[in-house]
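What follows is the residue order along each chain.
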Amino acid sequence: MWWERWIPKSYLTKNAICGVECVFDEAGLSFNYAVLHIKKNKVEISEQGTSSDASEILKIAKKQSAPISIAISGKGVIVKKIIFSENDSLQLKDLLQQHLPAIPFNEFYVQFYKNAENSGNISVCRKEQVNELMSQFNKDKTEVVNVFIGPLICNALSSITSNYNRLSTSVNQLELVSGFVESVQPNINAEPVVLEIDGLKVMHSQTLSFAAGFGYLTQQSNFISDNQELTILPKQHVEKIKTRLLLFVLIAFLFVVSAVNSVLFFQKFEQDSALEVELNLYESKNNQITALLDNYQKKKSLIEQAGIFDNKKMSVYADKIAASLPNDILLRELYFNPEEGETEEDSLTDFTENQLIIKGNCSKSLLLNDWINILKSQSFVKSVNLETFIYNSEGHLPNFVLKVDTQ
């Protein structure tokens, strides 16, 4: 996938690995193990030992959160050195038929370890033997990242052992050329060689387990094999790491998005809260203004119906009427644009425009009649009607009512 290119190579391995040498001998099966860690760009052994119980090693690997890298040695492992030219076929089936013709290809796991020059070693072991061994480690969700047949995994140490002529393991003596295994001999009455790396001493019993772990930490591909059952192990391990990294990145991305979204949400929430308070305030003011406008419109209608805004000069008319009033007539009430009858409580009041109602007292009908004629002679008067006249009035109550229509 395209996203895999972005993963740094150092992220494709774990920081800890449990290298295990599985030794088949006359006494049975035993295990030499070493747990390797990378600290400050240096390889360190955090735990090592020997055991006859695979479950003990599984517990150690699980405790250290380390996958397992297996190297098989001892009985049942056959190593054959080969020398080839550039034109020779390096197909494992052809090499096996040429150098070990008696071994059936389908019944054995075959690995080819190439040296620096035109030479190498073929290492084979029965599938039945390897599968039975693998069944002991495929428990408790323990992950096996690789299986190496024979001591040839020591080629992974070539950068360290380039100055060594000989290297010892728990079973074999290895002759080295430029750090690569040239020949494999039984470890009989030979003084073991202790491997030293920057002050770290690796005993001969831990050489293969150390080499198996070191090859993993340095991401080396040390052999060629056609057996998918074994070659798929490191590929599956890398895919699991990539999947975990992808999930971690996705979770981290979602967390960052959620955090940013939360910050933006709370900021927006505070802004919206402040805006809502302002809107509520303005809404209250707007309601008050609307109510005032409604009241104004209602009162404006009343005022307009009353004729206050009309250009009729009602005060001038009142002055002229007052000036024409005889001394014997007492003016009690004067209404401009009087109300038209009675109105309901929930209805607007209606007014009669261009009309005046005059109420007063006069004891002489002839005098009142003369004043009516005077009013009719005024230019602004359209008509004058005597609505009511009572000859005798009680107290100060008006005894006549005039209705004057103006132009």
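A brief structural summary. Since we're looking at a predicted model, the values are computed, not measured.

## Some words on the sheet that holds strand E11 (residues 180-186)
Judged by pairing direction, the sheet is antiparallel, and its three strands sit side by side in the order E9-E10-E11 without closing on themselves. Looking at which strands have only one partner, the edges of the open sheet turn out to be strand E9 (166-168) and E11. For this sheet, the mean inter-axis angle between neighbouring strands, taken without regard to orientation, is 25 degrees. Here E9 pairs with strand E10 (residues 172-177) via three bridges, running antiparallel. Residue pairing for E10: leucine 167 is matched across the bridge by leucine 174.

## Considerations on the sheet that holds strand E5 (residues 78-83)
What the three strands build is an open sheet, ordered E5-E7-E6; its pairing is antiparallel. Looking along the sheet, the strands with just one partner apiece sit at the ends: E5 and strand E6 (108-114). Between one strand and the next, the sheet's axes are offset by a mean angle of 20 degrees, whatever the strand orientation. Alignment of E5 against strand E7 (residues 119-126), held across six bridges, turns out to be antiparallel. Across the sheet, isoleucine 83 pairs through a bridge with serine 119, a residue of E7. Running at roughly 95 degrees to E6, helix H2 (residues 92-99) makes contact with E5, E6 and E7 of the sheet. Packed on one face of the sheet, helix H3 (residues 127-137) meets E6 and E7 and runs near 70 degrees to E7.

## Some remarks on the pairing of strand E17 (residues 400-406)
Extensive coverage of E17 is indicated by the burial of six of its seven residues. Summarising the sheet, strand E15 (residues 355-361) and E17 pair through six bridges and their orientation is antiparallel. Bridge assignment links isoleucine 357 to a residue of E17, and that residue is lysine 403. Here strand E16 (residues 381-389) runs beside E17; their pairing, made up of seven bridges, is antiparallel. The residue bridging valine 384 from the neighbouring strand is valine 404, located in E17.

## Digging into the layout of surface pockets
Taken as a whole, the largest pocket spans an internal volume of roughly 520 Å³. As for the largest pocket, its lining consists of 19 residues, of which Asn146, Gln219, Gln220, Ser221 and Pro234 are closest to the centre. Those elements that provide at least two residues to the lining of the largest pocket are strand E8 (144-149), helix H5 (207-217) and helix H6 (228-306). Along the lines of polarity and charge, the residues of the lining of the largest pocket split into seven nonpolar, ten polar and two charged. Of the voids in this model, the second largest pocket is the one considered here, and its volume is about 240 Å³. Elements supplying a minimum of two residues to the lining of the second largest pocket: strand E3 (42-51) and H5. Its residues placed into classes, the lining of the second largest pocket shows seven nonpolar, one polar and three charged.

## Description of the packing of aromatic side chains
For the coordinates displayed, the defined rule picks out eight aromatic pairs. Relative to phenylalanine 137, the ring of phenylalanine 31 has its centre 5.7 Å away and its plane inclined at 85 degrees; by these criteria the two rings are edge-to-face. In this pair, phenylalanine 31 is assigned in strand E2 (residues 28-39) and phenylalanine 137 in helix H3, connecting sequence segments 106 residues apart. With relative accessibility at 0%, the residue phenylalanine 31 sits in the buried group. For phenylalanine 137, a relative accessible area of 0% puts it in the buried group. Three or more aromatic residues joined by ring pairs make a cluster, and in this case those are Tyr113, Phe148 and Phe223.

## Side note on the pattern of salt bridges
Summed over all chains, the structure comprises six salt bridges. Here glutamate 107 makes a salt bridge to arginine 126, at a shortest N to O gap of 3.4 Å. Here arginine 126 lies in strand E7 and glutamate 107 lies in the loop between H2 and E6, a separation of 19 residues in the sequence. The exposure class of glutamate 107 is partly exposed, given its relative accessible area of 42%.

## What to know about the nonpolar core
Counting 32 residues, the largest nonpolar core has Leu36, Phe148, Ile153, Cys154, Leu157, Leu195 and Phe210 as the members making the most contacts within it. Where this core is concerned, the elements lending two or more residues are E2, E8, E10, strand E12 (195-197) and H5. It is H5 that contributes the most residues to this core, seven residues altogether. In terms of nonpolar packing, the next biggest core, distinct from the first, is built from 29 residues, Val35, Val77, Val130 and Leu230 among them.

Reading the values: the criteria
Residues numbered from 1 in each chain as written. Predicted model: local features only at pLDDT ≥ 70, side-chain atom pairs only at ≥ 80, totals over all residues. Heavy atoms only, no water. Pairing = 2+ DSSP bridges. Helix = DSSP H or I, 4+ residues; strand = E, 2+ residues; numbered from the N terminus. Axes fitted to C-alpha atoms, helices over the stretch in contact; angles between N-to-C directions. Contact = heavy atoms within 4.5 Å. Buried < 20%, exposed > 50% of the residue type's maximum accessible area, 1.4 Å probe, protein only. 1 Å grid on protein atoms, 1.4 Å probe; cavity = no way out; pocket = protein on both sides within 12 Å on 5 of 7 lines; lining within 4 Å. Points joined across faces, edges and corners; volume = space filled by probe spheres on them. Nonpolar A, V, L, I, M, F, W, Y, C, P; charged D, E, K, R; others polar. Phe/Tyr/Trp six-rings, centres within 6.5 Å; stacked < 30°, edge-to-face > 60°. Salt bridge = Lys/Arg side-chain N within 4 Å of Asp/Glu carboxyl O. Core = buried A, V, L, I, M, F, W, Y, C linked by side-chain atoms within 4.5 Å.

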